[in-house]
Amino acid sequence: MAFTPLHDRVLVRRVESDEKTKGGLIIPDSAKEKPAEGEVVSVGAGAKDDDGDRVAMDVKAGDKILFGKWSGTEITLDGEELLIMKESDILGIIA
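Residues numbered from 1 in each chain as written. Predicted model: local features only at pLDDT ≥ 70, side-chain atom pairs only at ≥ 80, totals over all residues. Heavy atoms only, no water.

### A word on the sheet that holds strand E2 (residues 37–43)
Working definition: the strands of a sheet are paired by backbone hydrogen bonds and lie parallel or antiparallel to each other. Read from one edge of the open sheet, six strands run E4-E5-E1-E2-E3-E6, paired in antiparallel fashion. Each end of this open sheet is capped by a strand with a single partner; those strands are strand E4 (73–77) and strand E6 (90–94). The mean angle between the axes of side-by-side strands here comes to 45 degrees, regardless of whether they run parallel or antiparallel. Of the pairings in the sheet, the one linking strand E1 (residues 9–14) to strand E5 (residues 80–86) comprises four bridges and is antiparallel in character. Within the sheet, the bridge partner assigned to Val-12 lies in E5 and is Leu-83. (Pairing = 2+ DSSP bridges. Helix = DSSP H or I, 4+ residues; strand = E, 2+ residues; numbered from the N terminus. Axes fitted to C-alpha atoms, helices over the stretch in contact; angles between N-to-C directions.)

See the structure below:
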């Protein structure tokens, strides 16, 4: 994929949610919520501080993350739906 986010932005691929509940009930597509979990595809170089120095990013490509329900902007690249969000929209890294 020939796309690199700028500054402190992150390109994220959503992780698909389960088709069934823990009790075994099948969830129809119309009742599913978009998951707030994803995988980092690529990251920008980082924001600049007041002195003009780069601030290193806390996430890297391949990290599994949690983000806010309304975070990011949905885009389509090479037929795949992805999200672009600021690093500050990421709530945490899943170990």
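There's plenty left to go through after this.
### A word on a negative patch on the surface
On the surface, a cluster of negative charge is made up of Asp-49, Asp-50, Asp-51 and Asp-53. You can see Asp-49 is positioned in the loop between E2 and strand E3 (64–67). Take Asp-49: its relative accessible area is 34%, and that puts it in the partly exposed class. (Patch = residues over 30% accessible without salt bridge, like charges linked within 9 Å, V, L, I, M, F, W, Y side chains within 5 Å. Areas by Shrake-Rupley, 256 points an atom, 1.4 Å probe, with all protein chains shown as cover. Salt bridge = Lys/Arg side-chain N within 4 Å of Asp/Glu carboxyl O. Lys, Arg positive; Asp, Glu negative; His and termini not counted. Charge placed at Lys NZ, Arg CZ, Asp CG, Glu CD. Buried < 20%, exposed > 50% of the residue type's maximum accessible area, 1.4 Å probe, protein only.)

### Remarks on the environment of Pro-5
Looking at the element boundaries, Pro-5 is found in the segment before E1. Contact partners of Pro-5, with chain neighbours within four places excluded, come to Val-10, Leu-11, Ser-42, Val-43 and Gly-44. (Contact = heavy atoms within 4.5 Å.)

### Here we look at the side chain of Ser-42
Among the structural elements, Ser-42 can be located in strand E2. Not counting the four nearest positions on each side in its chain, Ser-42 is found in contact with Phe-3, Thr-4, Pro-5, Val-10, Leu-11 and Ala-61.

### Quick look at the pairing of E2
With five bridges connecting them, E1 and E2 associate as antiparallel partners. Bridging from a neighbouring strand, Leu-11 pairs with Ser-42 of E2. Taken together, the three bridges between E2 and E3 define a ladder with antiparallel strand orientation. Within E3, the residue paired with Glu-39 across the bridge is Lys-64.

### Quick notes on unusual backbone geometry
In this structure, His-7 takes a positive phi of about 55 degrees despite not being glycine. Structurally, His-7 can be placed in the segment before E1. In this model, Asp-78 sits at a positive phi of 50 degrees, which is unusual for a non-glycine residue. Within the secondary structure, Asp-78 is located in the loop between E4 and E5.

### As for the pattern of salt bridges
Following the criterion strictly, the structure yields six salt bridges and no others. Across the pair Glu-39 and Lys-64 runs a salt bridge, and its minimum N-O distance is 3.6 Å. Linking Glu-39 in strand E2 with Lys-64 in strand E3, this pair joins segments that are 25 residues apart in sequence. Classification of Glu-39 by relative accessible area gives partly exposed; the value is 24%. Overall, the relative accessible area of 36% leaves Lys-64 in the partly exposed class. We note a salt bridge from Lys-60 to Asp-63, for which the minimum N-O separation is 3.1 Å. Classification of Lys-60 as exposed rests on a relative accessible area of 53%. By sharing partners, the salt bridges in this structure join Arg-13, Glu-39, Lys-64 and Glu-80 into a single network.

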